[in-house]
There are 4 protein chains.
Amino acid sequence: MAGIDLKGKRVMLTQADTFMGPVLQEVFTELGAEVIGMGGPVNDPEAPASMVSEAGQVDILLAHLAVPAPQTPVTEADDNELAHLFEHMVYPLPRLARAVLPQMIERGSGRILVFGSASALRGMKRTSSYSMARGAQLAWVQAVGVEMARHNVQVNAIAQNFVDNPTYFPQEVQDNPKFQERLKREVPLGRLVSAREDAMFAASLCSDGISCFVGQVFPVCGGWVTR
Amino acid sequence: MAGIDLKGKRVMLTQADTFMGPVLQEVFTELGAEVIGMGGPVNDPEAPASMVSEAGQVDILLAHLAVPAPQTPVTEADDNELAHLFEHMVYPLPRLARAVLPQMIERGSGRILVFGSASALRGMKRTSSYSMARGAQLAWVQAVGVEMARHNVQVNAIAQNFVDNPTYFPQEVQDNPKFQERLKREVPLGRLVSAREDAMFAASLCSDGISCFVGQVFPVCGGWVTR
Amino acid sequence: MAGIDLKGKRVMLTQADTFMGPVLQEVFTELGAEVIGMGGPVNDPEAPASMVSEAGQVDILLAHLAVPAPQTPVTEADDNELAHLFEHMVYPLPRLARAVLPQMIERGSGRILVFGSASALRGMKRTSSYSMARGAQLAWVQAVGVEMARHNVQVNAIAQNFVDNPTYFPQEVQDNPKFQERLKREVPLGRLVSAREDAMFAASLCSDGISCFVGQVFPVCGGWVTR
Amino acid sequence: MAGIDLKGKRVMLTQADTFMGPVLQEVFTELGAEVIGMGGPVNDPEAPASMVSEAGQVDILLAHLAVPAPQTPVTEADDNELAHLFEHMVYPLPRLARAVLPQMIERGSGRILVFGSASALRGMKRTSSYSMARGAQLAWVQAVGVEMARHNVQVNAIAQNFVDNPTYFPQEVQDNPKFQERLKREVPLGRLVSAREDAMFAASLCSDGISCFVGQVFPVCGGWVTR
């Protein structure tokens, strides 16, 4: 009856303590899921396998991987910057997939929702490395979504930007009048998307009643991009 | 708590008796909304105003406008075919908007969700006129979404295809083995999207907890297009 | 040898005297084409057939249809406004197609390039009717492109905005400092696209050496949209 | 007069001896450019700087980076596969940019055209790692295009698929009747895009007469994707 039914679902959430982690934990728990939150970064190559092993049955994987975005000009963005972003946001994705997909395929049911970025859909200055990592994520989702569809495993992504969260929009940024002007000018919504809105939309995409999306990328960014 | 909260919402639904109408009525009602279903086509120029007048307060407008898609080759698709599609699917949209937006703007709150078609996002043979009408709808949504955002009125669209419904996929079509083969080949999901999945996703987009989308087009077509 | 080879091509251009018409005539002629420019609007239902009849062999049709964009709020945009835009920019497209495609299909070769608008790809305020008409055009191109591909007839579109031309950006607008600020802010290119750049790109899309695009929409708008 | 004018342009081309390299060298040379072809892979971290140093003035960089696409299921695609693709197709891009952008910025003029893949725009099975690398490229182009626009340096990409070339479509693949059927079924064009068409389109995007694109991605794939 409840629209978004996550009762009894075992949800594994990475980086549960930062970025969108706390609000995802809160909202998915409210909606009846059992959230297995994994703290800390996921850059260790062994981390994904041990996390999944520790979690046991995972019905839904929230692949939530984020680090602060460097703002280096492209003429200065070096291999180290890129390697850091890839180690934290890109390599972990296929590692998580290798760890969690076999049980989902076996059960003939599962979800992976990747928290990506709209910066992969529209260019911005001084985000060259970050966009690379985020673009890698979204293209992966598209491919893996198609590959996993026949197993009834849905792999999709949210491509967010201008969502209220302390990693990308800390209070001191939000209090800056220039930032408020930028919001009005660049974001048709005229405000940040709230963290709960983003989490609620994520939950709807993981609901049993909505199992029809295949490798789809959903912009959540107040209209900054819409396709 | 319920995820998708539509309690007490007054939802006006056009073409309530055909296409996605019955399932939308059912699902939105289950989720607590008061659905005011308007039967029949909306092609009469006066219909939208009298429908809204009859409905009274409309918190959410489900602009659900559909006619069977002609399959005329482009070399034969004539003015009459196009005019018919425009009268039923295109002109009614701004008429509905003129009728319903003033009350939404006054209350500082409202939703319009347009049930459009993914045929406006990806070309198919023998759909030239139909695509025109569907493309008009989606571009309208993008523009009006941006214009209405500052009033806290969200205008968005679902762009569907391969959704199980008797207008576009009647049982005799579904029973055809060639159609089943086409589904496997062209639709990554490997099956039709169920009508309830589509309706549930629509409901989530109309939920109070998710008020952040601006002129956005959501493909719902089993991965046939994903952006 | 010349890269863009249009020698001996018979190019029919509508609205040859306004908007992008003069520069298209100039550039296509420079590149060796024989341009048959048709002046005036194309809204008369009989106009497309008589134009094509008058033109004789048409190797390339430049479907160039434009009227000034109304800036009516959506709450006031009425049927008349929409009908005017449809009569000038939408209905003429299939009429032109019905007139010109038979000879192209018979020769097994032909091009239609539609000059559309990026306003169909990204929402703007007070453009609801105009976006509808422009959205109809682009969706039509996608569908007809796919349908005509097997006849070696390529149907594609340019989706332009912020291109220097007297219809949409008259000198007095360009001289306005506010417009210059808007350009810097909204258009990554930082300037208007020149009319010749647009025409030259159009010519390249019509060149014999590049016959591979099918129902494709090419944004030409200084990066305002990029896909 | 010539439409695509590349006379006197110094064009640096990577992987000149494989994939699209030979045809790019041929076509750009025919159009008057001085092509400095660099053979071999670009995976050595020092290679980009020494290539640019050897090339001297580079007006146009054709960032042409390709390796055969693995077809590993996502459940087996490991770190090594991804690292290999990243080392050959992803890391070289910013290294090339750091090497070549300073001279372009100083001259206030330059082009980088990246030969990317449409596999980053639409999902396919068994391409998870490859899509990641290709998605990283396209997102980078979008960001860097915006960042470099004010220097009159245009950075854009072709996203190709189904282009006739020996790396991705060797003769034995093309001779396979199943491949021919797949072409008819999946590619609206009904044939492979010819290598010369792709190269000619690339040349038009590098022409002095067309300097208006900013971080734009151009699908060249016979209509497999169109935006």
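Please read these numbers as outputs of a predicted model, since none were measured by experiment.

Novice: Mind showing me how you'd approach the overall build of chain A here?
Specialist: A tally of helices and strands in chain A yields eight helices and six strands. The secondary structure elements of chain A, listed N-terminal to C-terminal, are β-α-β-α-β-α-α-β-α-β-α-α-α-β. Against the compact-globule benchmark of 17 Å for 227 residues, chain A has a radius of gyration of 17 Å, which places it among compact chains. Considering only C-alpha atoms, chain A reaches an extent of 50 × 45 × 30 Å along its principal axes. Classification of the 227 residues of chain A by burial places 66% in the buried group. The contacts of chain A with a sequence gap of at least 6 include a subset with a gap of at least 24, amounting to 75%. On chain A, the mean spot of the 19 positive side-chain charges and the mean spot of the 24 negative ones are 8 Å from each other.

Novice: Looking at this structure, I do not really get the interface of chain C and chain A. What am I missing?
Specialist: Often the size quoted for an interface is simply the accessible area lost on bringing the parts together. Across the boundary between the two partners, chain C contributes four residues, which contact four residues of chain A. Contact between chain C and chain A buries roughly 330 Å² in total, counting both sides, with carbon and sulfur atoms accounting for 36%. Broken down residue by residue, the surface that chain C buries against chain A is led by Arg122(C), Arg185(C) and Arg227(C), which jointly contribute 67%. Our count for the contact surface shared by chain C and chain A stands at zero salt bridges. Summed over the shared surface of chain C and chain A, the number is zero residue pairs in polar contact (both at pLDDT 80 or more).

Novice: Mind showing me how you'd approach the relation of the copies chain C and chain A here?
Specialist: Expressed as a screw operation, the relation of chain C to chain A combines 0.0 Å of axial shift with a rotation of 180°, fitting to an RMSD of 0.0 Å. The transformation relating the two chain copies, once decomposed into turn and shift, fits a two-fold axis. Taken as a fraction of all interface residues of chain C, those also at the interface in chain A reach 100%, which identifies the copy contact as same-surface.

Novice: How do you make sense of the packing of aromatic side chains when you look at a structure like this?
Specialist: Between two aromatic rings, the relevant description is the distance of the centres plus the angle of the planes. Inspection of the entire model under this criterion finds 44 aromatic pairs over all chains. Here Phe201(B) and Phe218(B) contribute two aromatic rings whose centre-to-centre distance is 5.6 Å and whose plane-to-plane angle is 75°, an arrangement assigned as edge-to-face. Within this pair, whereas Phe201(B) is found in helix H8 (residues 195-206), its partner Phe218(B) is found in strand S6 (residues 217-220), the two being separated by 17 residues in sequence. You'll find Phe201(B) and Phe218(B) in the same group, each marked buried. Judged by centre distance (4.9 Å) and plane angle (85°), the rings of Phe213(C) and Phe218(C) are edge-to-face. Of the two residues examined, Phe213(C) and Phe218(C), each falls in the buried class.

Novice: It is not clear to me how the relation of the copies chain A and chain D should be interpreted in this structure. Could you clarify?
Specialist: Between the two copies of this chain, the relationship is a rotation about some axis together with a displacement along it. It takes a turn of 180° to lay chain A on chain D, together with a shift of 0.0 Å along the axis; the resulting RMSD is 0.0 Å. Comparing interface residues between copies, 100% of those in chain A also lie at the interface in chain D; the contact surface is shared.

Reading guide: rules and limits
- Here the residue numbers are simple positions, counted from 1 along each chain's written sequence.
- For this description, chains carry letters from A and ligands carry numbers from 1, given in the order in which they are written.
- Totals for whole chains, interfaces and linings use all residues, but because this is a predicted model, local features are given only for residues with pLDDT of at least 70 and pairs of side-chain atoms are given and counted only at 80 or more.
- Remark: hydrogens and water are excluded; side-chain values derive from all non-hydrogen atoms of the structure.
- Counting from the N terminus, the helices are the DSSP runs of H or I reaching at least four residues and the strands are the DSSP runs of E reaching at least two.
- The globule rule used here is 2.2 Å times the number of residues to the 0.38 power, and the radius of gyration it is set against is calculated over C-alpha atoms.
- Each residue is placed in one exposure class: buried if its accessible area under a 1.4 Å probe, protein chains only, is under 20% of its type's maximum, exposed if it is over 50%, and partly exposed if it falls in between.
- The contact definition used throughout considers only heavy atoms, calling two residues in contact when any of these lie within 4.5 Å.
- The positive count covers Lys and Arg only, the negative count covers Asp and Glu only, and His and the chain ends enter neither.
- A charge is said to be at NZ when it belongs to Lys, at CZ for Arg, at CG for Asp and at CD for Glu.
- Two parts placed together each lose some accessible area under a 1.4 Å probe, and adding up what both lose gives the buried area.
- We define a salt bridge as a contact between a side-chain nitrogen of Lys or Arg and a carboxyl oxygen of Asp or Glu at a distance within 4 Å.
- Between N or O atoms, a polar contact is any pair within 3.5 Å; within protein, one atom must be a potential hydrogen donor and the other a potential acceptor, and residues adjacent in sequence are included only when both atoms are from side chains.
- In superposing the copies, a least-squares fit is computed on C-alpha atoms, taking residues whose pLDDT is at least 70 in both.
- Between 30 and 60 degrees the pair is tilted, below 30 it is stacked and above 60 it is edge-to-face, where a pair is any two Phe, Tyr or Trp rings, Trp via its six-membered ring, whose centres lie within 6.5 Å.

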